[in-house]
Structure formats: C-alpha cells, structure tokens
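Summary of structural features
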Amino acid sequence: MLRSFLQVLAFFCTLFLGITANAADNATYVSQSVPTVLTSGEVRAVSVTMRNTGTTVWTPAGEYKLGSQAPQDTFTWGDNRVYMAPGEAIPVNGQKTFTFNITAPSAPGTYTFQWRMVHDGIAWFGAQSPAVSITVQPRPALDSQFVSQSVPTSLTPGQTASVSVTMRNTGTNVWTAAGQYRLGSQAPQDTFTWGDSRVYMVSGEAIAPNAQKTFTFTITAPATAGVYTFQWKMLQEYVAWFGAQSPAVSITVSQPAVTLCPGESGILDGTSNVGPALQRCINVTPPGGTLELPAGTYGIGTLVSINKPFTLRTQGLAGSTTNCEGLGNACAVLKALPTFSASTGGFIAAEATSNVTFDHLVLDGNRVARLGTAAASNCASGVPGANIWGFNARMSDCASCRFTNSVSKNTLCGTALEFRGNDGTLVNNVFRSNGQNSQPGMWADGLTIHASDRALVDRNAFIDNSDVALILGSGRQAVVTNNSITQPGQVTFAGLMLDNFNNSFPGDFTGAIVTGNTINCSSARNCHFGINLGPHAWYSGNNILGGSVYGNTVVSARQGINVDGAGTAAAPLLLYGNTVTSPSPGSASFLCGTHATSALNINTADSVVNRNGDTAPMTSFEWHDCP
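Report on the accompanying structure.

The rules we used
- Residues numbered from 1 in each chain as written.
- Predicted model: local features only at pLDDT ≥ 70, side-chain atom pairs only at ≥ 80, totals over all residues.
- Heavy atoms only, no water.
- Pairing = 2+ DSSP bridges.
- Helix = DSSP H or I, 4+ residues; strand = E, 2+ residues; numbered from the N terminus.
- Axes fitted to C-alpha atoms, helices over the stretch in contact; angles between N-to-C directions.
- Salt bridge = Lys/Arg side-chain N within 4 Å of Asp/Glu carboxyl O.
- Buried < 20%, exposed > 50% of the residue type's maximum accessible area, 1.4 Å probe, protein only.
- Disulfide = S-S within 2.5 Å.
- Phe/Tyr/Trp six-rings, centres within 6.5 Å; stacked < 30°, edge-to-face > 60°.
- Contact = heavy atoms within 4.5 Å.
- Core = buried A, V, L, I, M, F, W, Y, C linked by side-chain atoms within 4.5 Å.

1. Quick look at the sheet that holds strand S9 (residues 123–125)
- Here four strands make up an open sheet; going across it, the order is S5-S4-S8-S9 and the pairing antiparallel. Of all the strands in the sheet, just strand S5 (81–83) and S9 have a single pairing partner and so form its edges. Neighbour-to-neighbour, the strand axes of the sheet open up by a mean angle of 35°, direction not taken into account.
- Sheet topology note: the strand S4 (residues 64–68)/S5 ladder contains three bridges and is antiparallel. Following the sheet pairing, Lys 65 is matched in S5 by Tyr 83.

2. Overview of the sheet that holds strand S11 (residues 144–150)
- Read from one edge of the open sheet, three strands run S11-S13-S18, paired in antiparallel fashion. With partners counted over all chains shown, the strands left at the sheet margins are S11 and strand S18 (212–220), one partner each. Here the strands of the sheet are splayed against their neighbours by 25° on average, with no regard to which way each runs.
- As judged from the nine bridges shared by strand S13 (residues 160–169) and S18, these two strands associate in the antiparallel manner. When the sheet's bridge partners are listed, Thr 160 is paired in S18 with Thr 220.

3. A few points about the pattern of salt bridges
- One pass over the full model with this rule turns up 19 salt bridges.
- Of the charged contacts in the structure, one is a salt bridge between Glu 42 and Arg 44, with a shortest N-O distance of 2.6 Å.
- Assessed through its relative accessible area of 9%, Glu 42 is described here as buried.
- The exposure class of Arg 44 is partly exposed, given its relative accessible area of 29%.
- One salt-bridge network, held together by shared partners, links Glu 63, Lys 65, Asp 73, Arg 81 and Asp 120.

4. Structural notes on the state of the cysteines
- Applying the stated criterion to the full structure yields six disulfides.
- Note that Cys 324 is cross-linked by a disulfide to Cys 331, the S-S spacing being 2.1 Å. Measuring the twist about the S-S bond at about -90°, one finds the Cys 324-Cys 331 disulfide to be left-handed. With respect to burial, Cys 324 and Cys 331 carry one shared label: buried.
- Bonded cysteines in the protein are paired 1-2, 3-4, 5-8, 6-7, 9-10, 11-12 when counted in the order they occur along the chain.

5. Some points on the packing of aromatic side chains
- What the rule picks out here adds up to 24 aromatic pairs.
- When the centroid spacing of 6.4 Å and the interplanar angle of 10° are considered together, the rings of Phe 217 and Phe 230 count as stacked. Here Phe 217, found in strand S18, pairs with Phe 230, found in strand S19 (residues 226–230); they are 13 residues apart in sequence, far enough to count as distant. Each member of the pair, Phe 217 together with Phe 230, is buried.

6. Examining the side chain of Ser 68
- Position of Ser 68 among the secondary structure elements: in strand S4.
- Residue classification places Ser 68 among the buried residues on the basis of a relative accessible area of 1%.
- Discounting chain neighbours no more than four positions away, the residues touching Ser 68 are Asp 73, Thr 74, Asn 80, Arg 81, Gln 114, Trp 115 and Trp 124.

7. Regarding the nonpolar core
- Counting 69 residues, the largest nonpolar core has Phe 358 and Leu 533 as its most contacted members.
- Top contributing element to this core by residue count: helix H2 (residues 275–284), with four residues.
- Discounting chain neighbours no more than four positions away, the residues touching Phe 358 are Ile 306, Leu 312, Ile 348, Ala 350, Met 395, Arg 402, Phe 403, Thr 404 and Ser 406.

This is the structure we're talking about:
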C-alpha cells in the first residue's frame, strides 16, 4: 500500500517538474512582412519576427520552430513549420526572424495568415502573430514573378559579360518561343543600352505555369563611361508586357587605369583628372624626348605645361598624315574638366622654349559643360584680357614649334590655340566650334597667331568659329595657304584677317604670302567679313605692312574682302586675283548697324594697295570701329 502511494507521489512530482519546465518557454510577437494580395499558386517570400521572452535558449536541436495557426498546423501556405538554421541559438531577450516562402492556395478566396512559436513535441507557447487576411485572386493568363539574376556591377566600355535573369510563370498560359514570349529590356523600355532589347526563348521550349525560365545571355557595355541601369520584364510580343520587373541594377561602366609612362597611370574616361599624372610624365621625359599617349579621353583639371624641347603625340601615329578628325577615335583627347578654371591661357601650354611639337592630339575645351562656371563668367565680363580664362591652348614664345594633324575644338572663349614664336608650323589641323558668337564676350578665334616670322599655316580646316577663324598679328615671310574656312552653323566676325591686335607697332607681313585659301560663309552669310586686311575696321592704329594676298576665294560673306589700315608707301599690300562670289547685295547688318557692302572694298584713304593690274570692281567705303 505504501509502495503504491510513493509511486503516485513520484508521478505527480514528475508531472509538476514537466509543467514548470514547459512554462520556461515564452515568446512575444515583434513584426512581420506579409502581402495582402496574391494570385493562385504565387510564391512569395514573407517574414515573421519573434522575441524570446522565456528562460530557455531556442535551438533547432531543441525542436524550437515557428508553427502555422488559423487553424493550428494548417498547410494553407505550403508547410506548417518553419525551421531554425543549424547551429543557431536565440538567447533570452534575443529575437529571431523567420524568412520563408509561402505558396498561395490554388482556389481563389480570402485566407488567414498567422503563426506561433512551438517547442515541437512539448507545447505551443507565447503570442501569436497578428492574423492577416490575404486575398487570393484567380491567376491571370499572363503573369510572371522575378526569381533571381546574376549581373555584374562594373564593366569597362565595350566589355561583354554573360548574365542571367530567372522568371517564374505565374500565369495560366504556357510560355513558348512560337508564342513570342520573350524577356524585354527596361529602364527605359525597349532600350538597346546592353546591345539588344530582347532575349529569346529556345525553339521548342515550353515553360508551364509555376515553372521558371532562366534567360542566359551576353550584354555589351556602352562605349561611354557612366552609370547605367540593367532591368528586364516579360512580354508576349505584340500582345502585352506582363508581370514583375527584375530589380534595377546599377552597372558602373568605367575605364581601367592605363599606363601613361613608367610609374604613372590614369583612367581615360574624360571625367577623372589625369592632368597631374600627365605633367609628371612630361617632367621625367628628357629634353628633346617624346611622350606618346595611348588613345582615350584625358580629363584635364590642372594646367599641363611644357618648357623644354618636347614632342607630345598619340601613340602609334608617328608619320601619319591623316589628322585626328579623319582618324576618328584613334587619337588621345585632352578634355578640359568643368572644374578647370584658371587664367592660364588654356589647359595645355608650351612657353619660353623651342622645338615643341603637338601632333595627333584632340584638344577639347568642353564648352557646354563649362558654361556657368567662374571661367565662363570671366569670359562674359567684357574686361580686357579676360578671355584668357577660356583658351584651349597656347604655344607662347615658342620658336620652331609645331602643331600638326590635330584638332582644337569647343573652346569656352578667346581662342582654340594662341601661337607666338618664329618659324611656327601649323599644318593639317581642324579648328571646330570654338566660342559662341551670339553671347558677348564668349567669342573665340580658331587660330590666333600673334607673331611668327616664316610661319607655315597650311591645309587647316576652320569650321564654325565665332570671332575670327584665322587671324595673324605679324609674320614676315609667313605662308598661309590652302586653308579651308567654313561657317555653316554660326556667325563669325571674319574668316581670315591680317591684323596688329591694336598694338602701337604695325603688324609686319613683309614677304608674307596668303594664297589658295577658301572662305565659305554659307547661304546664311555667317561671316561679317570674308577676308579683312588691316585693323581699322575694328580699331585705329598703325597700318599693317606688306603682304601678298592673291588666289583666295570668298563665298557669301556680308562684306567679301575689306582693306582698311593695310600697307604703306614703303611696304604696300599686294592684293590681286581673288574671287568673291555671292556677295551681300548692297548692304548688310553688322555690330555697328547696317553698312553698305561690296565684293571688294579698299579704303584708299587709309590703305596703300598694289593691285598688280587687277581690274575687278571695288568700292572705297570707310570701315572704322565696326567689328
């Protein structure tokens, strides 16, 4: 009898201890992320977070799990338990986020989503998550769900890469190639950013409802550095786009660093400042040496200066007689950054030296991007000399220096190239779209030669410059020949000019020859003067001396050829055999107002001209102070 009583007592003690142990499990609800609308059979990731407010540690070995409710142990959402990760342990006061996939029931309707912690095999415990009513809608014919993608986040310009995008068919239609089901580009829709706007299914392939399709394809990065968006979506061609987009991925397209000289490299993307590295390469190259630059776009944010005999050219183009515009992308481009703002007379300069050669280079002033900067404000101020803020380049006090086979374009103001130094060679270059004529102070010459005895200026092309396309201030025995000046898009004050820059001393062109040059101002008459000889049309001062100007052609200028302030009795201007076609009919508009015009005007009161027997009709208007 006593034995039986002790057995009963032991049973109740064990039962009491078990109840006490179970009471140590407790949980409170923290948060959840749950959709309120799904389609039949749709798979969606959800999360439920619970906090351990008991005295036991939750572990997977201890059979702690999240269990379904409403009703308890329901398989409504695909499974009735969510497991902890192996080795995981949630301490007292810690919290656990259960992230898992649910699958919507196949039958449309409203269903309850609710969960609670369970110590499996022992007891349910703690608070339930709030009940969420999820509306399950009928599955549409066309629908898709993003599953995954594999995409790089960085590429180099033109680089190819294999990518993949996986989509699940959550509609009722079967996707087939014959049905024209495809993956289409987004951001923006139908973009060709990555090489094509469609990725096709394989012939004979069929993706049934609930199945998924991985599109694996090759993309090609854009040629221009920048940040681009990669995003795709399903469509049935000519029917509809449908379903979810893939998450947008930002892919940075940037140039890899390129070696410029031993120990120096730069990123040739046109936005990184390569100026300091380029300067260091120049500094370590011995006098008389050559630095050959790999093709690419060099952002220049600080002045690059040369003060010794030196050659700077694009790699691999020594001996080429085709200029950089003809070679396309084969040349090194030195491009002023918007941050470049200095009164240095350009972002590259050769000064107080000799035998410097710039060959097969593109100098880009990046005018549009620099509007609104301090440099542009200085240009527009009208203060004398302020246009030095806007130059592209200068070769100053540079004897026997050469600028060949190159391009200088998009100057902010002032000039694309200022040149000073005897025996200069400026051959086979392009000076394009420099300055802006319509905005005061933003004007720019194409080529400004202050003084260069025996200069050779040959076979250059000047297109749409805005002050004077080609202007010389002095050049004894200079040869200016076979240059082409055209103004299809903007006005210029003069196509070609012999001047003295309003100096107290005359511009000396004794023995200089200007021949075989063509100035075409277009039907819009975009030149105030086709050829202007002498300074008086713009300002008073000493006459220029000498010069032979013959065999040139001017087309459609407002004033064809004008001479005012050219020649003296001792050094007359020789002017003959030039052709002027389509001159302005009688008068035209200039900055000084409407002025009478002609094909050829020589102000004989201010000029001494030897016409060498030329009998072409002329007028004798005075052109003073009328730029």
